[in-house]
Amino acid sequence: MTRNALIRASSDLFRRFHSVAKEILAKPQPAESVTHRCDLLGKITETPGETTRTYGSDAMRYANTLVGEWMRAAGMTTRADAIGNLIGHYAGAKPNARILLLGSHLDTVRNAGKFDGPLGVLLAIACVDELNRQKIRLPFAIEVVGFADEEGVRYQTACLGSKVFAGCFEESDLRRKDANGVALADAIRRFGGNPAQLKSARLNPKTILGYVEAHIEQGPVLEENHLALGTVTAIAGQTRARLTFIGCAGHAGTTPMSSRKDALCAAAEFILAVEKLAGRTRGLVATVGEAAARPGASNVIPGEVRLSLDLRHARDSVRKSARRTLEKIAGRIARRRRMQLEVEVVHETPAVKCSAALSKLLDAAVRRRQKKTVRLASGAGHDAAVMAGITPAAMLFIRCKNGLSHHPDESVKPADVQMALAVMNDFLQSLAKKYRQIKP
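A few points on the structure. (Residues numbered from 1 in each chain as written. Predicted model: local features only at pLDDT ≥ 70, side-chain atom pairs only at ≥ 80, totals over all residues. Heavy atoms only, no water.)

Before going further, it helps to examine the overall build of the chain. Along its length, the chain carries 14 helices and 16 strands. Scaling as 2.2 N^0.38, a compact globule of 440 residues should have a C-alpha radius of gyration of about 22 Å, and the chain matches this with 23 Å. Dimensions along the principal axes, computed over C-alpha positions, put the chain at roughly 80 × 50 × 40 Å. Here the contacts in the chain between residues at least 6 apart in sequence split such that 76% fall between residues at least 24 apart. Approximately 19,500 Å² of the chain is accessible, and the part contributed by carbon and sulfur atoms is 49%. Here the chain contributes 65 positive and 43 negative side-chain charges, whose respective centroids are spaced 5 Å apart. (Helix = DSSP H or I, 4+ residues; strand = E, 2+ residues; numbered from the N terminus. Rg over C-alpha atoms; globule rule 2.2 N^0.38 Å. Contact = heavy atoms within 4.5 Å. Areas by Shrake-Rupley, 256 points an atom, 1.4 Å probe, with all protein chains shown as cover. Lys, Arg positive; Asp, Glu negative; His and termini not counted. Charge placed at Lys NZ, Arg CZ, Asp CG, Glu CD.)

This is the structure:
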């Protein structure tokens, strides 16, 4: 990245992330140095001392600036769409060629690892860089996408970026507010997007050949099988809900136990019920990851508690049944404790099967690089699940240490990343020979 390119970024962002900029200027980065670039992106954060990049933040803006420079260095033209997805375009051998989408997301959870999301984007850029270096144009164009929001941390609804791409963004979400009361529509404008143009940002499925996403596994299967890579068969469906138990706050010292409407006790009872149901339902995972008690004082009975609920299963019928069961359980708890209950589903995606044709080509490329391949389902949600609604989608999983993700200790082996890059390059060449067989 050149000094002039960095200076073009706003002075405020440059000052805020000066240490990262200084390192980039001091050490020009080769396109194939994927893990090093992940390290650099990991230093771009809105919270000092950890890696946190939520939608629309200054950190997210700076990450897009940096990744955009890497895209252009690899021979791509770049643009951003109405929500702020970053897109790099590498033209095909002929004008108006169909487009193969590669990529993942550049946002993170709070206090994240460095590889969940960015690894897939940077691997894709490295693939294009290799084609550009060899002056190769494929019979299809390639677009590398860095989605602006997949994790859904700031507005509690995941995959905003890919939903705009796929044309399934809900306009009602524009009214959502973050913890500071900033509406999503305002955040989009501040990020340089345009809420009024979100519908027009939808891709035309007829122009798309498919979508392929490389991603760390976020689980233990590959490591347990001593394998670097695997291909994904399906992506579990997911429900995110918000439940609020509304009791009555009161003095902790003077309110008799028999008279209390302690919302936190009701919430605790529900959380244990969630754990119990998931434990006896095969394949179901259920998580209460957030709990906020109000008014939040040590000498006041909690009068209101808001909980998050995350449900996932590879079969939609099981997931939906679990959601109905837990809503009934929460209702019974609230009635017995003489409280009110509010339930809101904030995000829901169906289970998705990956493209058999694209996955077959990925499988063959993997088998050329390791002794065998393994096909596995993804319990985590991905942009690929949304993109599968408009185009064939496939995923390549990369082993991560101890299956750990959404954690600062998230780690991959450089040798595994190198193998993933080789597999992606092989895949592109194989697809170039057979691309007309992949139906839009």
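Now that the structure has been shown, the text picks up again.
What the rule picks out here adds up to 23 salt bridges. Among the ionic pairs, R336 bridges to E269, the shortest N-O distance being 2.4 Å. Highlighted residues: R336 in helix α11 (residues 316-336) and E269 in helix α10 (residues 263-280), separated in sequence by 67 residues. Overall, the relative accessible area of 25% leaves E269 in the partly exposed class. Taking the shortest distance from any N to any O, the salt bridge between E327 and R323 comes out at 3.2 Å. Within this pair, E327 and its partner R323 are both found in helix α11, separated by four residues, close to a single helical turn. (Salt bridge = Lys/Arg side-chain N within 4 Å of Asp/Glu carboxyl O. Buried < 20%, exposed > 50% of the residue type's maximum accessible area, 1.4 Å probe, protein only.)

Quick look at the packing of helix α6 (residues 118-133) against helix α14 (residues 414-434) now. Contact pair α6 / α14: the axes reach a minimum separation of 10 Å and the direction vectors enclose 55°. Taken together, the axes of α6 and α14 are oblique relative to one another. Crossing of α6 against α14: the hand is right-handed. Residue-level contacts link L119, L123, A126, C127, E130 and L131 of α6 to V417, A420, L421, M424, N425, L428 and Q429 of α14. Across the contact of α6 with α14, the residue classes tally to ten nonpolar, two polar and one charged. (Axes fitted to C-alpha atoms, helices over the stretch in contact; angles between N-to-C directions. Parallel < 35°, antiparallel > 145°, perpendicular 65-115°, else oblique. Left-handed = near helix turned anticlockwise from the far one by under 90°. Nonpolar A, V, L, I, M, F, W, Y, C, P; charged D, E, K, R; others polar.)

Quick look at a positive patch on the surface now. On the surface, a cluster of positive charge is contributed by K320, R324, K328, R332 and R335. Considering the arrangement of structural elements, one finds R332 in helix α11. (Patch = residues over 30% accessible without salt bridge, like charges linked within 9 Å, V, L, I, M, F, W, Y side chains within 5 Å.)

This part is about the packing of α10 against α11. The description of two packed helices rests on the angle between their axes and on the distance between the axes. For the pair α10 and α11, interaxial distance at closest approach is 10 Å and the crossing angle is 150°. Taken as axis vectors, α10 and α11 run roughly antiparallel relative to one another. In terms of crossing hand, the pair formed by α10 and α11 is right-handed. Note on element contacts: α11 touches α10 through A322, T325, L326, I329, A330, I333 and R336, opposite A266, E269, F270, A273, V274 and L277. Taken together, the residues of the contact of α10 with α11 sort by class into ten nonpolar, one polar and two charged.

It is worth spelling out the nonpolar core at this point. Ranked by internal contacts, the top residues of the largest apolar core, which has 77 residues, are L119, I125, I142 and L428. Of the residues forming this core, the biggest block, ten residues, is contributed by α6. Setting aside its immediate chain neighbours within four residues, I142 contacts G88, H89, Y90, I99, L100, L102, V128, L131 and L428. Counting residues in hydrophobic clusters, the runner-up holds 29 residues, among them F147, C159, F165 and L203. (Core = buried A, V, L, I, M, F, W, Y, C linked by side-chain atoms within 4.5 Å.)

Glancing now at the pairing of strand β1 (residues 77-80). Looking at chain direction, β1 and strand β2 (residues 86-90) are connected through four bridges and run antiparallel. Each residue of the ladder has a partner; that of T77, found in β2, is H89. In sequence, β1 turns back onto β2 through a hairpin of five residues, with G84 there showing a positive phi of about 105°. (Pairing = 2+ DSSP bridges.)

With seven of its seven residues buried, strand β3 (residues 99-105) lies for the most part within the structure. The alternating pattern of β3 places I99, L101, G103 and H105 on one face and L100, L102 and S104 on the opposite face, and all of these are buried. Once the chain exits β3 it traverses α6 before rejoining the sheet at strand β4 (residues 141-147), and the crossover so formed is right-handed. Looking at chain direction, β3 and strand β5 (residues 208-216) are connected through four bridges and run parallel. What sits directly across from L101, in β5, is Y211. (Right-handed = clockwise from strand over helix to strand, strands pointing away.)

Structurally, E217 is set in the loop between β5 and α9 (221-224). Of the buried charged residues, E217 lacks a salt bridge, with R399 as the closest side chain of opposite charge at 8.0 Å. Among the polar contacts listed, one links the side chain of E217 to the backbone nitrogen of L222, at a separation of 3.0 Å. With residues near it in sequence (within four places) discarded, E217 still touches L222, E223, L376, F397, I398 and C400. (Polar contact = N/O pair within 3.5 Å; in protein donor to acceptor, adjacent residues only side chain to side chain.)

Here we come to the layout of surface pockets. In this structure, the second largest pocket encloses a volume near 210 Å³. Taken together, 14 residues form the lining of the second largest pocket, with R61, N64, T65, A80 and L86 sitting closest to its centre. Sort the elements by how many residues they give to the lining of the second largest pocket and helix α5 (residues 58-73) lands first, with five residues. Of the residues belonging to the lining of the second largest pocket, the class tally is three nonpolar, seven polar and four charged. (1 Å grid on protein atoms, 1.4 Å probe; cavity = no way out; pocket = protein on both sides within 12 Å on 5 of 7 lines; lining within 4 Å. Points joined across faces, edges and corners; volume = space filled by probe spheres on them.)

All right, on to the side chain of Q238 then. Along the chain, Q238 falls in strand β7 (residues 237-246). In this structure the side chain of Q238 is engaged in a polar contact, spanning 3.0 Å, whose partner is the side chain of D310. Contacts of Q238, omitting those with residues within four sequence positions, involve D310, L311, R312, R319, H347, E348, T349 and G381.

Looking now at α11. In this model α11 runs 30 Å from its N-terminal to its C-terminal C-alpha over 21 residues, within 8% of the 30 Å that 1.5 Å per residue would give. Looking at α11, one finds that the buried residues are V318, R319, A322, L326, I329, A330, G331, I333 and A334. Lining the buried residues of α11 we find β7, α10, β12 (304-313) and β13 (340-349). Where α11 ends, the next residue or the one after it, R338, has phi of about 60°, a positive value. (Expected span 1.5 Å × (residues − 1).)

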